[in-house]
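Listed below are the residues making up each chain.
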Amino acid sequence: MVMKNLKKLFLFLNLALFLYGCGYTPIFEAQKSFFQIEKYETFGDKKIANLFIERVKQFQNATNENVRKIHITVSAKKKRNILVKNTSGKVLTYQSEIALDVKVKYFPSDMFIFEGQLKETMNYKNKDQKSEMTSLENKITDDLIDSMSRDLILIINQSNEKQ
């Protein structure tokens, strides 16, 4: 029994030392970000656009004076499509789609870092309770916005590394 515990402890310590020694650092770390949002504009679905901006702001580096200041423009659209109905016409599966037209440029210059569309979709089953459905749709919206904000962070940081 004591031998098994010692083996587990030894394995755990080796794993911890390996992870520490391999140089692992999180990809999305605010201290490693090379940008600060100086100005932003939102269009379309303002709730979605503002939520996206807030998620991107979480990764800006506001403490370092050497970061690049950026201007972000976001136009957001959210759609809910019906994918599958049963024979009686009841909806079985929906698809939630969020499309963001995003422009990111250095501030105050007009040099673009990124100009394009970020788009994510997710399929989900219909729920019998309206409150469950609303809760599920809100969670899916959050997940899609998180994914798109991380994509944009990577694009911004990669463009700054090239500068």
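Quick caveat: nothing in here was measured; it's all calculated off a predicted structure.

## Comments concerning the overall build of the chain
Stage number 1. Tallying secondary structure elements over the chain gives 3 helices and 4 strands in all.
Stage number 2. Element order for the chain, N to C, with α for helix and β for strand: α-β-α-β-β-β-α.
Stage number 3. Of all 163 residues assigned to the chain, the portion counted as buried reaches 32%.
Stage number 4. Surface exposure of the chain reaches about 11000 Å², of which carbon and sulfur atoms provide 54%.

## Details of the pairing of strand β4 (residues 112-125)
Stage number 1. Looking at chain direction, strand β3 (residues 91-106) and β4 are connected through 13 bridges and run antiparallel. What sits directly across from Glu 97, in β4, is Thr 121.
Stage number 2. Between the end of β3 and the start of β4, which pair antiparallel, lie 5 residues.

## Here's the deal with the packing of aromatic side chains
Stage number 1. Under the defined criterion, the tally for this structure stands at 1 aromatic pair.
Stage number 2. If you follow Lys 46 out to its NZ or CZ, it ends over the ring of Phe 43, 5.9 Å from the centre.
Stage number 3. Positioned above the aromatic ring of Tyr 106, the side-chain terminus of Arg 68 is 4.4 Å from the ring centre.

## A closer look at the pattern of salt bridges
Stage number 1. Applying the stated criterion across every chain, the model contains 10 salt bridges.
Stage number 2. For Glu 38, the salt bridge identified is with Lys 69, shortest N-O distance 3.9 Å. Here the residue Glu 38 occupies a position in strand β1 (residues 35-44), and Lys 69 occupies one in strand β2 (residues 68-85), the gap between them amounting to 31 residues.
Stage number 3. A salt bridge links Asp 146 to Arg 55; the nearest nitrogen and oxygen atoms lie 2.6 Å apart. In this pair, Asp 146 sits in helix α3 (residues 130-162) while Arg 55 sits in helix α2 (residues 46-57), placing the two residues 91 residues apart along the sequence.

## Thoughts on the nonpolar core
Across soluble globular proteins, you tend to see nonpolar side chains buried next to one another.
Stage number 1. In terms of nonpolar packing, the biggest core is built from 31 residues, with Phe 52, Ile 70, Ile 72, Leu 100, Val 102, Val 104 and Leu 152 touching the most fellow members.
Stage number 2. Looking at this core, the elements with two or more residues in it are β1, α2, β2, β3, β4 and α3.
Stage number 3. Looking at this core, the element that brings in the most residues is α3, giving 8 residues.
Stage number 4. With residues up to four places along the chain from it excluded, the contact list for Phe 52 reads Val 74, Leu 100, Val 102, Leu 118, Ile 145, Met 148, Ser 149 and Leu 152.

## Focus on the sheet that holds β1
Stage number 1. The strand order across the open sheet formed by 4 strands is β1-β2-β3-β4, and the pairing between neighbours is mixed. Single-partner strands in this sheet number two, and they are β1 and β4. Going from strand to strand, the sheet's axes swing by 25 degrees on average, the running direction of each strand aside.
Stage number 2. Across the sheet, α2 touches β1, β2, β3 and β4, and the angle it forms with β1 is around 170 degrees.

## Brief notes about α2
Stage number 1. When the terminal C-alpha atoms of α2 are compared, their 16 Å separation across 12 residues agrees well with the 16 Å that a helix rising 1.5 Å per residue should span.
Stage number 2. All buried positions along α2 are accounted for by Ile 48, Ala 49, Phe 52, Ile 53, Arg 55 and Val 56. In a view along the axis of α2, the buried residues occupy a sector of 160 degrees, so they form one face of it.

## Comments concerning the side chain of Thr 141
Stage number 1. Summarising the element assignment, Thr 141 is placed in helix α3.
Stage number 2. There is a polar contact of 2.8 Å between the side chain of Thr 141 and the side chain of Lys 78.
Stage number 3. Setting aside its immediate chain neighbours within four residues, Thr 141 contacts Ile 48, Lys 78 and Ile 98.

## A look at the pairing of β2
Stage number 1. Alignment of β1 against β2, held across 9 bridges, turns out to be parallel. If you follow Gly 44 over to β2, its bridge partner there is Ala 76.
Stage number 2. For β2 and β3, the ladder comprises 15 bridges, and the chain directions are antiparallel. Note that in β3 the partner of Ala 76 across the bridge is Leu 100.
Stage number 3. Counted along the chain from β2 to the antiparallel partner β3, the turn is 5 residues long, and its residue Gly 89 has a positive phi close to 95 degrees.

Criteria and cut-off values
Residue positions are given per chain, counting from 1 as you read along its sequence in written order. Given that this is a predicted model, residues contribute local features only at a pLDDT of at least 70 and side-chain atom pairs are listed and counted only at 80 or more, while totals for whole chains, interfaces and linings are drawn from all residues. As a rule here, side-chain values come from all non-hydrogen atoms in the structure, and water together with hydrogens is ignored. Each helix corresponds to a stretch of at least 4 residues labelled H or I by DSSP, and each strand to a stretch of at least 2 residues labelled E; elements are numbered beginning at the N terminus. The rule is simple: take the accessible area with a 1.4 Å probe, protein chains only, and divide by the maximum for that residue type; under 20% is buried, over 50% is exposed, in between is partly exposed. Only the protein chains shown count as covering a residue, and every accessible area follows the Shrake-Rupley method with a 1.4 Å probe. Here, a strand pair is defined by DSSP locating no fewer than two bridges between the strands. A pair of aromatic rings is counted whenever rings of Phe, Tyr or Trp (Trp by its six-membered ring) have centres within 6.5 Å, and the orientation is called stacked for planes under 30 degrees apart, edge-to-face for over 60 and tilted otherwise. A ring is considered to have a charge above it if a Lys NZ or an Arg CZ atom is located within 6 Å of its centre and within 35 degrees of its normal. Salt bridge criterion: a side-chain nitrogen from Lys or Arg within 4 Å of a carboxyl oxygen from Asp or Glu. For this analysis, a nonpolar core means a set of buried residues of the types Ala, Val, Leu, Ile, Met, Phe, Trp, Tyr and Cys, connected via side-chain atoms within 4.5 Å. Throughout, a contact is declared for two residues whenever any of their heavy atoms are within 4.5 Å. Lines are fitted to the C-alpha atoms to define the axes, a helix being fitted only along its stretch in contact, and any angle between axes, read from their N-to-C directions, falls within 0 to 180 degrees. Given the number of residues in a helix, its expected span is that number minus one, multiplied by 1.5 Å. Read the arc as the range of directions from the helix axis to the C-beta atoms. Here a polar contact means two N or O atoms within 3.5 Å. Within protein one must be a hydrogen donor candidate and the other an acceptor candidate, and residues neighboring in sequence count only if both atoms are side-chain atoms.

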